[in-house]
Amino acid sequence: MSDPKIKLAIGLPAYGLALDAGHAGMFLSLGHALSSNDDKFELAMMGMASKNPVAEARNSIVASALDAGADWVLQVDADTYHHGQDFGGGTDILQMIKDGDRAGAAVI
């Protein structure tokens, strides 16, 4: 029997709708990595919340992820993104989530 799919929520907490240009490559890579791992991941929710203070945006994303039944929430702040082995780092991010899920981690 195979492992059940990990239900992933992806959220962008922002303020003033501001994101960095570095997010473009990361999101393309993350989309490609998800499509290449559709036997392991299910995208439960994806969205952006632009609120001030940004903590309200983060809380809004967590609430939406819980409503969607997500197992994991990946939040990418407006001033952070990851470049990894592949262009944009999507494979690295999914591997980190798979490892954390396998280890029973609550937070990575």
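Each chain has its residues counted from 1, running along the sequence as written. Where totals are concerned, whole chains, interfaces and linings use all residues; where local detail is concerned, this predicted model gives features only for residues with pLDDT of at least 70, and gives and counts side-chain atom pairs only at 80 or more. Side-chain descriptors were evaluated using all non-hydrogen atoms of the structure, hydrogens and water having been removed beforehand.

Draft legend 1. Representation of unusual backbone geometry. Residue P53 is bonded to the preceding N52 through a cis peptide linkage, with omega at 5 degrees. Under the DSSP-based scheme used, a helix requires at least four consecutive residues in state H or I and a strand at least two consecutive residues in state E, with every element numbered from the N terminus. Within the fold, P53 resides in the loop between β2 (41–50) and α2 (54–67).

Draft legend 2. Examining the environment of A14 more closely. On the secondary structure map, A14 appears in strand β1 (residues 6–14). Relative accessibility under 20% of the residue-type maximum defines a buried residue, over 50% an exposed one, and the middle range a partly exposed one, all with a 1.4 Å probe and only protein chains included. Note on A14: relative accessible area 0%, which makes it buried. Taking the C-alpha atoms as reference, A14 lies 23 Å from G69; in sequence the two are 55 residues apart. With sequence-adjacent residues up to four places away left out, A14 is seen in contact with L19, M48, A49, S50, K51, V54 and A57. Residue contacts are defined here by distance: any two heavy atoms, one from each residue, within 4.5 Å place the two residues in contact.

Draft legend 3. Spatial organisation of the pattern of salt bridges. Each salt bridge in this description consists of a side-chain nitrogen of Lys or Arg and a carboxyl oxygen of Asp or Glu lying within 4 Å of one another. In this structure the tally under the stated criterion is two salt bridges. D39 is paired through a salt bridge with K40; the nearest N and O atoms lie 3.2 Å apart.

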